[in-house]
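For reference, the chains in residue letters:
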Amino acid sequence: MPFVPVDVLLKRAEEGQYAVGAFNCNNMEIVQAIVAAAEAERAPVILQASQGAIKYAGLDFIVAMARQAAEKASVPVALHLDHGTSFAQVMQCIRAGFSSVMIDGSKLPLEENIALTRQVLAVARAVGVSVEAELGKIGGTEDDISVADWEAMLTDPEEARYFVEQTGVDSLAIAIGTAHGRYKGEPRLDFDRLARVRSLVQVPIVLHGSSGVPDEAIRRAIALGVRKVNIDTNIREAFVAAARRVVDAHPEEIDPRKILGPAREAATEIIREKIRLFGSSGKA
Ligand SMILES: [Zn+2]
């Protein structure tokens, strides 16, 4: 089937009180792993492309691979732009066929973030594409910051209410202590902040940097209103570890399929685990 807009999937997730997994893809094996996992779990799923993925594979290749996978799939599949950087890039992705985009104006002053998000929404609405925005700063795990700076990066609940009122955005990514990449220690999540945002904001909440967050914390975040959970690092880890096992065990192996095939299977397995954790298994 054709790509489904993310807001359709998140509305159902809100009704069912679960979260939809959004998995980053940048090559054929990972696209196939994501859709195979979703089919095996009978779950709706979001394929997402980051800036790095677009740079690596090329926008047209990503769309073509994702479209091929979605058209054959027996479950709803969305194609989403992760951390869109500009109005121009978002338009390029909408034209290319994405069913959902994120416009990340989180580094801008609040009013500029609102203006940019509104500009994107004006076009996206007209063509049935969903829009995710970000408020607060979701850092990288490599960022070495003080507690005061850390607090300052987190999403202000009142600001979130104002932002959603002013924009009418479909979903909102918030900063509650998660980070992109591999965590050094255990991530600290500010659940009180999430609960306050949730009490003031009616749209689905998106959790970025969710790889490495303990299962219990993910369950709690979903219970508090998170409806889209982004996973990238966990897939990379599983994929590369499996490829490395083959290369280590068989240094003479020269067939890429013998190396990438097991990597694809390992990715499928970890994605299935995440889908079950998010409660979206059986919801397709
Ligand atoms: Zn992110």
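Heads up: these notes are all about the structure in this document.

**Focus: the coordination of the zinc ion**
Part 1: Summarising the metal site, the zinc ion is bound by the protein donors His83 (NE2), His180 (NE2) and His208 (ND1), whose distances to it range over 2.0 to 2.1 Å.
Part 2: When the donor residues of the zinc ion are listed from N- to C-terminus, their spacing reads H-x96-H-x27-H. Linking His180 in the loop between strand S6 (171–174) and helix H9 (191–200) with His208 in the loop between strand S7 (205–207) and helix H10 (215–223), this pair joins segments that are 28 residues apart in sequence.
Part 3: Given the relative accessible area of 27%, His180 is considered partly exposed.

**A short note on the pattern of salt bridges**
Part 1: As enumerated under the stated definition, the model contains 15 salt bridges in all.
Part 2: Among the salt bridges present, the one from Arg125 reaches Asp170, with a minimum N-O distance of 3.1 Å. Residue Arg125 is located in helix H6 (residues 110–126), and its partner Asp170 is located in the loop between helix H8 (157–167) and S6; the two are separated by 45 residues in the primary sequence.
Part 3: We classify Asp170 as buried; its relative accessible area is 15%.
Part 4: One salt-bridge network, in which partners are shared between bridges, spans Glu14, Arg198 and Arg227.

**Focus: unusual backbone geometry**
Negative phi is the rule for most residues except glycine; trans is the rule for most peptide bonds.
Part 1: Positive phi, close to 60°, is recorded for Gln17, a residue that is not glycine.
Part 2: Within the chain, His83 stands out as a residue other than glycine whose phi angle is a positive 50°.
Part 3: Examined against the element boundaries, His83 turns out to sit in strand S3 (residues 77–84).
Part 4: Classification of His83 as buried rests on a relative accessible area of 16%.

**Looking at the nonpolar core**
Part 1: One finds Phe23, Leu47, Val101, Leu172, Ile271 and Phe278 to be the most contacted residues of the largest nonpolar core, which totals 86 residues.
Part 2: With nine residues, helix H12 (residues 256–278) is the largest single contributor of residues to this core.
Part 3: Those residues within four positions of Phe23 in sequence are excluded, and the remaining contacts are Ile34, Val45, Ile46, Leu47, Gln48, Ile231, Ile235, Ile271, Lys274, Ile275 and Phe278.
Part 4: Residues Val4, Val20, Ala22 and Ala78 belong to the second largest nonpolar core, which totals 10 residues.

**As for the packing of H8 against H9**
Part 1: Closest axis-to-axis distance for the H8/H9 pair is 9 Å, and the angle between their directions is 30°. In this view, H8 runs roughly parallel relative to H9, as classed from their interaxial angle. When you trace H8 past H9, the crossing you get is right-handed. Where H8 approaches H9, its residues Pro157, Glu158, Ala160 and Arg161 are matched on the opposing element by Arg193, Arg196, Val197 and Leu200.
Part 2: A breakdown of the residues in the contact of H8 with H9 according to their chemical character gives four nonpolar, no polar and four charged.

About the criteria used
- Residues numbered from 1 in each chain as written.
- Predicted model: local features only at pLDDT ≥ 70, side-chain atom pairs only at ≥ 80, totals over all residues.
- Heavy atoms only, no water.
- Donors = N, O, S within 2.8 Å, 3.2 Å for Na, K, Ca; no water.
- Helix = DSSP H or I, 4+ residues; strand = E, 2+ residues; numbered from the N terminus.
- Buried < 20%, exposed > 50% of the residue type's maximum accessible area, 1.4 Å probe, protein only.
- Salt bridge = Lys/Arg side-chain N within 4 Å of Asp/Glu carboxyl O.
- Core = buried A, V, L, I, M, F, W, Y, C linked by side-chain atoms within 4.5 Å.
- Contact = heavy atoms within 4.5 Å.
- Axes fitted to C-alpha atoms, helices over the stretch in contact; angles between N-to-C directions.
- Parallel < 35°, antiparallel > 145°, perpendicular 65-115°, else oblique.
- Left-handed = near helix turned anticlockwise from the far one by under 90°.
- Nonpolar A, V, L, I, M, F, W, Y, C, P; charged D, E, K, R; others polar.

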